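# Close look at the chain arrangement
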Amino acid sequence: MAEVGASASTQESGLQCAAELQIWDDLGWEAWLRGRLASGPFAVPGPCVLDVSEDVILSYPQSDFALVEQDLRAAFPEGVARKLEDAIRDEVTTCLTVRREL
């Protein structure tokens, strides 16, 4: 539900994001995302990030925000990915820096 006093533009943007995120409710989203991660501009070399587990985590590239951005851009429409990147960039880069220091 839109906040009271929110502009029409803000409400429209929120509705657009909600509609774009409906893909996650679709049972075919995983196959769609795996296809995007396997080839094309969002291809990720090596094992699929959706298959990561404690046993194989060291086989995956890590500690780089560019990897997070790439995954977001593969999984979400451009506008949603950009908003998510902006929302989490500071916190995630801080966590990655702390991780490297440990």
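Remember, predicted model here, so these are calculated numbers, not experimental data.

On to the packing of helix H3 (residues 65–75) against helix H4 (residues 78–101). Contact pair H3 / H4: the axes reach a minimum separation of 10 Å and the direction vectors enclose 155°. One finds that H3 runs roughly antiparallel with respect to H4. Once H3 is placed against H4, the crossing between them reads as right-handed. The residues of H4 that touch H3, namely those facing Phe65, Val68, Glu69, Leu72 and Arg73, are Ala81, Leu84, Glu85, Ile88, Arg89, Val92, Thr93 and Leu96. Looking at the contact of H3 with H4 residue by residue, the class counts come to 8 nonpolar, 1 polar and 4 charged.

In this section: the layout of surface pockets. Volume-wise, the largest pocket comes out at about 250 Å³. Mapped by element, the contributors of at least two residues to the lining of the largest pocket are H3 and H4. Here the element with the most residues in the lining of the largest pocket is H3; it accounts for 4 residues. For the lining of the largest pocket, the per-class residue count stands at 9 nonpolar, 3 polar and 3 charged.

What counts as what
- Residues numbered from 1 in each chain as written.
- Predicted model: local features only at pLDDT ≥ 70, side-chain atom pairs only at ≥ 80, totals over all residues.
- Heavy atoms only, no water.
- Axes fitted to C-alpha atoms, helices over the stretch in contact; angles between N-to-C directions.
- Helix = DSSP H or I, 4+ residues; strand = E, 2+ residues; numbered from the N terminus.
- Parallel < 35°, antiparallel > 145°, perpendicular 65-115°, else oblique.
- Left-handed = near helix turned anticlockwise from the far one by under 90°.
- Contact = heavy atoms within 4.5 Å.
- Nonpolar A, V, L, I, M, F, W, Y, C, P; charged D, E, K, R; others polar.
- 1 Å grid on protein atoms, 1.4 Å probe; cavity = no way out; pocket = protein on both sides within 12 Å on 5 of 7 lines; lining within 4 Å.
- Points joined across faces, edges and corners; volume = space filled by probe spheres on them.

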